[in-house]
Amino acid sequence: MVATTYSYDFYLRGIYSSNRGARKAERRSSMQNSELTKADSSAMKKIIEQLRQLEWSEPTVMEDKDSNSMNTVSDSTNYKFTKLFADTYNNLLESAGNSTSGQAKRLVSRMKHLTREQKDALESVGISISSNGKLSVKKGTVNQAATYRFKQLFGSDSDYLTEMSSIAKKIKRHASQIVIPPKKAKASTKQDSTSNAADTSSVAAIAEIAGSVHTADLAGITTDTANTSGSASNSLIGNTVDVIL
């Protein structure tokens, strides 16, 4: 049985345990899309598992029935988990829809199709489908919905959840196959330029040393020439003159 005394964010952290930063809009904007897709698909599978095990509450009438705020633990279990499903669904719809994987995009289309087929059942528990396929939740309708409606839609024998779980698993697999390009390409170019400059300097230094050695060799040959026999001396001097010229 899932505990019913915790806040919405407590449960959200739980289903995003593989990457908790992905549950926050301000963090999502700076993350790689493939990373988001993997986090969202994992979260989708987890919320589905929890929905299957959840003991739905009896209908309640709350003073703030027209408010959709999520600031306290006093919100009904039904509302918390209905919203968890909708928010996770929307995240996955967005990240997988922006994927570079054609397979992931086709699976998003499948998600939307299955969800549209459940339009009436979803609306009966306070979930509506917008024109772009995303879900929104109305607290008042959720809290007043009959328990059996939640069980039919989200229960352990729900065909809808079975299909959604399968899709989430496939999306994660495709997202895991995406190769993320290096983030520091410019830094590497700069490093290569510095390396090339260093190589050029090294070549120049070697050339300078080689020139100095050559000059020293010529001077040595001239000195040796003075101490050798006449014929050898003339030959070496001739070679030296040729080199100098």
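Residues numbered from 1 in each chain as written. Predicted model: local features only at pLDDT ≥ 70, side-chain atom pairs only at ≥ 80, totals over all residues. Heavy atoms only, no water.

## Structural notes on the nonpolar core
Residues Met44, Phe85, Tyr89 and Phe154 are the most contacted members of the largest nonpolar core, which totals 45 residues. Of all the secondary-structure elements, those providing two or more residues to this core are helix H1 (8-15), helix H3 (33-53), helix H4 (77-97), helix H5 (102-117), strand E2 (135-137), helix H8 (147-154) and helix H9 (159-176). (Core = buried A, V, L, I, M, F, W, Y, C linked by side-chain atoms within 4.5 Å. Buried < 20%, exposed > 50% of the residue type's maximum accessible area, 1.4 Å probe, protein only. Helix = DSSP H or I, 4+ residues; strand = E, 2+ residues; numbered from the N terminus.)

## A look at the pattern of salt bridges
Pairing between side chains of opposite charge can happen when the charged atoms of each approach one another. This structure, assessed with the given rule, holds six salt bridges. In this structure, the salt-bridge partner of arginine 23 is aspartate 9, at a minimum N-O distance of 3.4 Å. Residue arginine 23 is found in the loop between H1 and helix H2 (25-28), and its partner aspartate 9 is found in helix H1; the two are separated by 14 residues along the sequence. Look at arginine 23 and you get buried, because its relative accessible area is 17%. (Salt bridge = Lys/Arg side-chain N within 4 Å of Asp/Glu carboxyl O.)

## A look at the environment of serine 95
When you line up the elements, serine 95 lands in helix H4. For the pair formed by serine 95 and serine 34, sequence separation is 61 residues and the distance between their alpha carbons is 7.6 Å. If sequence neighbours within four positions are ignored, serine 95 has contacts with Arg28, Asn33, Leu36, Thr37 and Asp40. At 2.8 Å, the side chain of serine 95 forms a polar contact with the side chain of aspartate 40. (Contact = heavy atoms within 4.5 Å. Polar contact = N/O pair within 3.5 Å; in protein donor to acceptor, adjacent residues only side chain to side chain.)

## Some words on a positive patch on the surface
Taken together, Arg110, Lys169, Lys170 and Arg173 make up a surface patch of like positive charges. In terms of residue count, the dominant contributor to the positive patch is H9 (three residues). (Patch = residues over 30% accessible without salt bridge, like charges linked within 9 Å, V, L, I, M, F, W, Y side chains within 5 Å. Areas by Shrake-Rupley, 256 points an atom, 1.4 Å probe, with all protein chains shown as cover. Lys, Arg positive; Asp, Glu negative; His and termini not counted. Charge placed at Lys NZ, Arg CZ, Asp CG, Glu CD.)

## A closer look at the packing of aromatic side chains
The final tally for this structure, using the stated rule, is nine aromatic pairs. Considering the side-chain rings of tyrosine 6 and phenylalanine 10, the 4.2 Å spacing of their centres and the 20° angle between planes classify their relative orientation as stacked. You can call tyrosine 6 partly exposed: its relative accessible area is 37%. On the basis of relative accessible area, phenylalanine 10 is assigned to the partly exposed category, the value being 37%. (Phe/Tyr/Trp six-rings, centres within 6.5 Å; stacked < 30°, edge-to-face > 60°.)

## Some points on the confidence of the model for the protein
Across the protein, the average pLDDT comes to 78, with 64% of residues at 70 or higher. Looking across the protein, the model is least confident in helix H11 (residues 230-244), with a mean pLDDT of 43, and most confident in strand E1 (residues 127-129), with 98. Counted against residues more than four places away or in other chains, residues 213-245, with its pLDDT under 50, gives nine contacts. (pLDDT = per-residue confidence, 0-100.)

## Examining the environment of methionine 31
Among the structural elements, methionine 31 can be located in the loop between H2 and H3. For the pair formed by methionine 31 and glycine 21, sequence separation is 10 residues and the distance between their alpha carbons is 8.9 Å. Among residues more than four places away in sequence, those in contact with methionine 31 are Asn19, Gly21, Ala22 and Leu36.

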